[in-house]
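# Results of the structural survey
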Amino acid sequence: MPGILLEIQETVEQYASIMAKIADVDVEVVDADLYRVAGTGIFKQLVNMDMSAEGYTYQQVLKTGKLQVIYTPGEDPICRNCPKNHNCTEEIEIAMPITARGKTIGVIGLVGSSPQQRATILQDEETYLKLIEQIASFIAAKAMELVDQRKQTSMLAALAYIINHMDQGIMVLGSKGAITMANHAAKKQLKIEQLEGMPVELTPTGDKLNNQNEYLLLVGGKKMQVLGEISPLYESDEGYAEVFVFTHSQDMHQKMYAMTAAVSAGIMVGSSKQTATLRAEIEKVAHSTSTVLITGESGTGKEVVATAIWRAGNRNKKQFVALNCAAIPESLLESELFGYVKGAFTGADPNGRIGKFELANQGIIFLDEIGDMPLYLQAKLLRVLQERKIIRIGSNHLVPVDVRVIAATNKNLKAMIADGKFREDLYYRLNVIPLHIQPLRQRTQDIPDLVTRFTEQYAARFGKSRCSVPPETMQVLTNHPWYGNVRELENTIEFMVNMSDEEGVLGLNTLPRDFFVQGRLVGGHYSLLEGDVPPDASGERLTEIMPLKLVERQEIEKALKVFGNTTQGKKQAAKTLGIGLATLYRKMDEFSKRE
């Protein structure tokens, strides 16, 4: 606390003046550096001067922290080294330490310069000592008040810095429910720049997640669900009654579960007419809120299309949450979709958890393999699509959600409806905007573009500076049927890049071993390549033997191509093939599963 007395110099001067008037003596005050802070009488003109060269008595007081009374100034041993030794003009001197919290921060001195003043002090010495002690304590208290005020200001500044750099929103509420103070995070979450002074309503929903209560927060005409805790202040008043610490429910769980899109960049690769048409359709529907149903064989890139819709639309700054309905056990699928509260069921996270619909709020949820969703969940999904509200497992609280749904399947949902495996009302609710992806074998113009893209992608990933695909290899890849579609092609290119030589050439020798065994379409027939077919008993090579399942599939596909994929067309196709309609649907379902 060096120099603290200088900072309250005006107050010190007032106390020195009062003391001088009461005691009828001269008074001076010095700080811990022997700098004269205040003075009366003979000392008035010497204020703000350094007196370290002459203040021997004060030096002793600062050193020992004890009172010194010099009855014979100039003769006392303490004055031995003083320049005015044996020639001092003072008659008596009282030096009282100014002590604050165990430290001597200065000295207050009473000086009698005449025999009369000396007599006056000695006549009632005890009273003068008590008076000077009281004045010293007043000065010390004022100094400590300034120190405490500074400390409090520093602490408040540090606290404000910490609060404003917290991810959680913090609001201090008054006894009447108005906001006294709010940090940056609160303003950012609520998207309101000036919260101070605004009334706020907090209504508990009754749900508890992550060991925090859920509230409906209403302020400035905005309503949102938040997780937080209200803590009453020990000494409350109109402006400071409660502290509310909160986090937007969706923001918290997005950070906890990192459910942002971990899918492709949503780039549609290919120069075929079918791909160009699909791109145009995506551009048209990207900004809509209508539900999309993407159909196509397994591996055609349904997730890429869903991501392309998200990136091209006005929700691309919000969440894209993907869920594969076939990859999650039926018993867990409902909790994954809709979430659950604390204690909802045995084995659940004791903190509770929100579902994918809440995570995707204001964004997009992609439900892949929708055909594998159980019937009882189909009913709940239908209700969500109609009401735009969900109920967590174990809760009675309706949670509004603004989510665009994109579903995808490689199954024939109409056939499933006929078999009672898929709800017809849900189908029509999902199929508002149908998008179909043609299999790769029907858009062979895309194959060279895809081969180039995957080659560059995996060459970069594996640290290969260059990779090239010779014309003969590209021809073989283009002619291949690719029943596994784009996924099979990508896996094949990844293998070939791994197997490429130092020159990075993806020759025929880099193709997978079973590639030629799979065969290809030649002249409308599926034939094995020469050299891979064993000779018959006569030694001749069989070049056009086809599996019966493949013949069956080709004839069914041919019939559907002739009569159309409508219900009436399927009836005519089944009649022409000599099978029942239910058998036709079953065969089609088997083909899609085999993909």
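Report on the accompanying structure. (Residues numbered from 1 in each chain as written. Predicted model: local features only at pLDDT ≥ 70, side-chain atom pairs only at ≥ 80, totals over all residues. Heavy atoms only, no water.)

As a further point, take the environment of S298. You can see S298 is positioned in the loop between strand 12 (292-295) and helix 9 (302-312). For the pair S298 and Y483, spaced 185 residues apart in sequence, the C-alpha separation works out to 8.8 Å. Side-chain polar atoms of S298 contact the side chain of R487, separated by 3.1 Å. (Helix = DSSP H or I, 4+ residues; strand = E, 2+ residues; numbered from the N terminus. Polar contact = N/O pair within 3.5 Å; in protein donor to acceptor, adjacent residues only side chain to side chain.)

Per the counting criterion, the structure on display carries 23 salt bridges. Ionic pairing is found between E145 and K142, a salt bridge with its closest N-O pair at 3.8 Å. Separated by 3 residues within a single helix, E145 and K142 lie in helix 5 (residues 125-164), roughly one turn from each other. What makes E145 partly exposed here is its relative accessible area of 47%. We classify K142 as partly exposed; its relative accessible area is 32%. (Salt bridge = Lys/Arg side-chain N within 4 Å of Asp/Glu carboxyl O. Buried < 20%, exposed > 50% of the residue type's maximum accessible area, 1.4 Å probe, protein only.)

Once that is clear, we can look at helix 3 (residues 56-64). Along helix 3, the positions that sit buried rather than exposed are T57, Y58, V61 and L62. For helix 3, the arc enclosing every buried residue in end-on projection is 135 degrees, short of the 170-degree limit, so these residues lie on one face. Each element contacted by the buried residues of helix 3 is listed here: strand 1 (26-31), strand 3 (68-70), strand 4 (92-100) and strand 5 (103-112). Just downstream of helix 3, G65 is the residue with a positive phi angle, here 70 degrees. (Arc of directions from axis to C-beta. Contact = heavy atoms within 4.5 Å.)

Moving on: the sheet that holds strand 16 (residues 364-368). Taking strand neighbours across the sheet as the criterion, the 5 strands line up as 13-16-19-12-20 in an open arrangement whose pairing is parallel. The sheet terminates laterally at strand 13 (320-324) and strand 20 (433-436), the two strands that pair on one side only. Averaged over all pairs of adjacent strands, the angle between strand axes in this sheet comes to 20 degrees, irrespective of strand direction. Two elements, strand 12 and strand 19 (residues 404-409), share 4 bridges in a ladder whose sense is parallel. (Pairing = 2+ DSSP bridges. Axes fitted to C-alpha atoms, helices over the stretch in contact; angles between N-to-C directions.)

With that settled, consider the packing of helix 2 (residues 9-23) against helix 5. Relative orientation of the contacting elements helix 2 and helix 5 amounts to 170 degrees, with a least axis distance of 10 Å. Between helix 2 and helix 5, the interaxial angle falls into the category roughly antiparallel. Contacts from T11, V12, Y15, M19, I22 and A23 of helix 2 reach helix 5 at Y128, L131, I132, I135, F138, I139 and K142. (Parallel < 35°, antiparallel > 145°, perpendicular 65-115°, else oblique.)

This part takes up the packing of aromatic side chains. Under the criterion given, the structure shown has 8 aromatic pairs. Both rings, one in F244 and one in F246, keep their centres 5.2 Å apart while their planes meet at 15 degrees; by these two values the pair is stacked. As far as the burial class goes, F244 and F246 line up, both buried. Each member of the aromatic cluster is reached from another via a ring pair, and the members are Y215, F244 and F246. (Phe/Tyr/Trp six-rings, centres within 6.5 Å; stacked < 30°, edge-to-face > 60°.)

Keep in mind these values describe shape, not function.
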